[in-house]
Amino acid sequence: MLQESLIFEQDSPGSTGVDLPDLPDVGKPRLGGVAQRKSVGLPGLTEPEVVRHFTRLSQKNIGIDSTMYNLGSCTMKHNPRLNEKVARLPGLADIHPMQPIETVQGALALIDDLAEWLKALTNMPAVAMTPGAGAHGELCGMMAIRSAIEHRGESRTRVLVPESAHGTNPATAASLGYKVDTIPVDKTGRVDLKALTKMLDSDVAAIMLTNPNTCGLFERDIARIAEAVHEVGAFFYCDGANFNAIVGKVRPGDLGIDAMHINLHKTFSTPHGGGGPGSGPVVLSEALAPFAPYPVVTRKGDVYDLVESAEGETKNSFGRLKGFHGQMGMFVRALSYMLSHGIDGLRQASEDAVLSANYIMKGLSRTMTPSFAGPCMHEALFDDRFLKGTGITTLDFAKAMLDEGFHPMTVYFPLVVHGAMLIEPTESESKETLDQFVDTLNYLAERAKAGDKAYFAGAPYYAPLRRLDETAAARKPILRWTEDEALRNAAE
């Protein structure tokens, strides 16, 4: 597969997709100081050249529409096209957030219906719909917690976060000024309850815990954790990024959780991983509901309205978190997904996701090393012990998967195991595809153990670009093409 040049590098001055008439002579330009002073650098190409360029780029992608995409912690599953079609219906796709309320009653009804579904699935009394993504939802939940604590006349400074947590959890707490203390995990990959209990005191504002956690395991002691956190007057924030493993099976409100964001873009349709935008509504307990952000959709009879300021029931709100009312397109897709599945279908999707992960766990246990004993939830976590003594790394193994037609799993995360390989097959893959994936990884593992280090060190062999300097790419990224940079690279 050949490398595709940047569209700027294919510039053919004078080429264009349309024939434009010469500019009329208007005399002295009337743009003053904002008149164009130099070329803006748009490349010249014919229409077929543009179409072929972007078509070739699209064919270089490994995506969910072309193969299994097992990226752990990302839920790269098939999203029914039905939901995309519904999101594009006239009356939903072409509305504007500044339209008069009376002209968008259907849209407000849809937001209200979706909110009711989210509250029912989580058994939580309130939901803030506006957060635009998972991390944004974390910020929303933690701001509600901070407001509730301040409303009590207290000032707490610490937030507890397990060492296996998503990186956004400690980042969110720190951005609000909290000191983050790390909770260790035990030998089973779960929160060390004894260590947590010792860390709790009246200065702790909250715990931020993911369940199922990033090791793909259900937190066995979650109810006891909630009880211990509440005993010291703190709140329980749950990262709901992995809610797709328990929808229809477990209601977070029953576990003592005070706040949890729900990734509509992972759990209920909507492409994830660059396909965005996302949406991260936050369900809230009775104790936190008064501090939710506005706007809030209200209903009197058959008429819907928006509360957009601190008044009445929202008088203690921490304020507005986002412009307008949330990601409407994501709301449409999520509700379409829920209505087409029904509660039994949502439950089955969770069960199938867990079944698929355990099928892979079992199928690869012969050649690879599961990080923790026992069944997993929706993700299967392996470490690099099976590569010990081969000179081959987790990265080498992942690169070799590209030549076999599979996107690599998430590697080196979570950090609590060495050389982590986190696989999330999702519920939308057939048994035949899972078998093909298992057979491929078993083949690669056996080849690695046989000592074929040179092969793995050189992989991938069939990608347009092979091994990149990933350190330089991360620390010295070149994000904008310039002609000077191109000439310098050519000279080198």
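So, a few notes on the structure that sits alongside this text. (Residues numbered from 1 in each chain as written. Predicted model: local features only at pLDDT ≥ 70, side-chain atom pairs only at ≥ 80, totals over all residues. Heavy atoms only, no water.)

Comments concerning the overall build of the protein chain
Next up, step 1: Helix and strand counts for the protein chain come out as 14 helices and 13 strands.
Next up, step 2: A globule of 492 residues ought to have a C-alpha radius of gyration of about 23 Å, and the protein chain, at 26 Å, matches this closely.
Next up, step 3: On the principal axes, the C-alpha backbone points of the protein chain span a range of 70 × 70 × 40 Å.
Next up, step 4: Within the protein chain, buried positions represent 48% of all 492 residues.
Next up, step 5: A separation threshold of at least 6 residues defines the contact pool for the protein chain, and within that pool the share at least 24 residues apart is 71%.
Next up, step 6: For the protein chain, the exposed surface amounts to about 24,600 Å²; the carbon and sulfur share of it is 55%.
Next up, step 7: Taking the 48 positively charged and 60 negatively charged side chains of the protein chain as two groups, their mean positions are separated by 4 Å. (Helix = DSSP H or I, 4+ residues; strand = E, 2+ residues; numbered from the N terminus. Rg over C-alpha atoms; globule rule 2.2 N^0.38 Å. Buried < 20%, exposed > 50% of the residue type's maximum accessible area, 1.4 Å probe, protein only. Contact = heavy atoms within 4.5 Å. Areas by Shrake-Rupley, 256 points an atom, 1.4 Å probe, with all protein chains shown as cover. Lys, Arg positive; Asp, Glu negative; His and termini not counted. Charge placed at Lys NZ, Arg CZ, Asp CG, Glu CD.)

Overview of the environment of Leu196
Next up, step 1: Following the sequence through the fold, Leu196 ends up in helix H6 (residues 193-199).
Next up, step 2: The exposure class assigned to Leu196 is buried, which follows from its relative accessible area of 0%.
Next up, step 3: For the pair Leu196 and Met76, spaced 120 residues apart in sequence, the C-alpha to C-alpha distance is 33 Å.
Next up, step 4: If sequence neighbours within four positions are ignored, Leu196 has contacts with Leu160, Ile183, Val191, Ile207 and Ile225.

Brief notes about the nonpolar core
Next up, step 1: Counting 58 residues, the largest nonpolar core has Leu114, Leu118, Leu196, Ile207, Ile225, Phe236 and Phe268 as its most contacted members.
Next up, step 2: Sorting the residues of this core by element identifies helix H3 (105-122), H6, strand E4 (204-210), helix H7 (222-231), strand E5 (235-239), strand E9 (303-307) and helix H9 (328-364) as the ones contributing at least two each.
Next up, step 3: Excluding residues that lie within four positions of it along the chain, Leu114 makes contacts with Met129, Leu264, Phe331, Ala334, Leu335 and Met338.
Next up, step 4: One finds Leu364, Phe397, Tyr455 and Phe456 within the second-largest nonpolar core, a separate group that totals 29 residues. (Core = buried A, V, L, I, M, F, W, Y, C linked by side-chain atoms within 4.5 Å.)

Some words on the pattern of salt bridges
Next up, step 1: Tallied over the full model, the rule gives 23 salt bridges.
Next up, step 2: One salt bridge in this structure joins Lys179 and Asp181, with 2.5 Å as the shortest N-O distance.
Next up, step 3: A relative accessible area of 13% places Asp181 in the buried class.
Next up, step 4: The partner of Asp186 in a salt bridge is Arg220, with the nearest N and O atoms 3.7 Å apart. Of this pair, Asp186 sits in the loop between strand E3 (179-183) and H6 while Arg220 sits in the loop between E4 and H7; the two residues are 34 residues apart in sequence, bridging distant segments of the chain.
Next up, step 5: What you see here is one network of salt bridges that share partners, running through Arg158, Lys179, Asp181 and Asp201. (Salt bridge = Lys/Arg side-chain N within 4 Å of Asp/Glu carboxyl O.)

Some details on the side chain of Asn169
Next up, step 1: Here Asn169 shows up in helix H5 (residues 168-175).
Next up, step 2: Discounting residues that sit within four places of it in the chain, Asn169 has contacts with Glu138, Val161, Met208, Thr210 and Asp239.

Focus on the packing of aromatic side chains
Next up, step 1: Per the counting criterion, the structure on display carries seven aromatic pairs.
Next up, step 2: Centroid distance Phe8 to Trp481: 5.2 Å. Interplanar angle 10°. Geometry classified as stacked. Of this pair, Phe8 sits in the segment before helix H1 (47-59) while Trp481 sits in the loop between helix H13 (470-475) and helix H14 (483-491), placing them 473 residues apart in sequence.
Next up, step 3: Its relative accessible area of 33% is what places Phe8 among the partly exposed residues.
Next up, step 4: Pairing Phe386 with Phe397 gives two aromatic rings, centres 5.5 Å apart and planes at 85°, and the pair type is edge-to-face. In this pair, Phe386 sits in the loop between strand E11 (380-383) and helix H10 (394-403) while Phe397 sits in helix H10, placing the two residues 11 residues apart along the sequence.
Next up, step 5: Among the aromatic residues, ring-to-ring pairing joins Phe386, Phe397, Tyr455, Phe456 and Tyr461 into one connected group.
Next up, step 6: Directly above the aromatic system of Tyr455 lies the positively charged group of Arg447, at a separation of 3.6 Å from the ring centroid. (Phe/Tyr/Trp six-rings, centres within 6.5 Å; stacked < 30°, edge-to-face > 60°. Lys NZ or Arg CZ within 6 Å of the ring centre and 35° of its normal.)

Focus on the packing of helix H4 (residues 134-151) against H5
Next up, step 1: One way to put it is that H4 packs onto H5 with a least axis distance of 10 Å and a crossing angle of 45°. Taken as axis vectors, H4 and H5 run oblique relative to one another. The chirality of how H4 crosses H5 is right-handed. Across the interface between the two elements, Ala135, Glu138, Leu139 and Met142 from H4 touch Thr168, Asn169, Thr172 and Ser175 from H5.
Next up, step 2: For the contact of H4 with H5, a count of residues per class yields three nonpolar, four polar and one charged. (Axes fitted to C-alpha atoms, helices over the stretch in contact; angles between N-to-C directions. Parallel < 35°, antiparallel > 145°, perpendicular 65-115°, else oblique. Left-handed = near helix turned anticlockwise from the far one by under 90°. Nonpolar A, V, L, I, M, F, W, Y, C, P; charged D, E, K, R; others polar.)

Overview of the sheet that holds strand E13 (residues 421-423)
Next up, step 1: The strand order across the open sheet formed by four strands is E10-E11-E13-E12, and the pairing between neighbours is antiparallel. Bordering the open sheet on either side are strand E10 (369-370) and strand E12 (410-411), each of which pairs with just one other strand.
Next up, step 2: With respect to the sheet, H9 is in contact with E10, E11 and E13, its orientation differing from that of E11 by roughly 30°. (Pairing = 2+ DSSP bridges.)

A word on H5
Next up, step 1: All buried positions along H5 are accounted for by Asn169, Thr172 and Ala173. For H5, the angular spread of the buried residues around the axis is 95°, confining them to a single face.
Next up, step 2: Looking at the packing, one finds that the buried side of H5 touches H4, strand E2 (158-162), E3, E4 and E5.
Next up, step 3: One or two positions beyond H5, positive phi appears at Gly177, with a value near 95°. (Arc of directions from axis to C-beta.)

A word on the pairing of E9
Next up, step 1: Alignment of strand E8 (residues 296-300) against E9, held across five bridges, turns out to be antiparallel. Counted as the bridge partner of Lys300 is Val303 from E9.
Next up, step 2: Counted between consecutive antiparallel strands, the loop separating E8 from E9 contains two residues, among which Gly301 sits at a positive phi close to 65°.

Description of the pairing of E4
Next up, step 1: The buried count for E4 comes to seven of seven residues, which makes it a mostly enclosed element.
Next up, step 2: Summarising the sheet, E2 and E4 pair through three bridges and their orientation is parallel. The partner of Leu160 across the bridge, within E4, is Ile207.
Next up, step 3: Of the pairings in the sheet, the one linking E4 to E5 comprises five bridges and is parallel in character. Looking at E5, one finds that Leu209 is bridged to Cys238.
Next up, step 4: Read from E4 through H7 to E5, the crossover connection turns out right-handed. (Right-handed = clockwise from strand over helix to strand, strands pointing away.)

In short, the description is geometric, and any link to function would need to be established separately.
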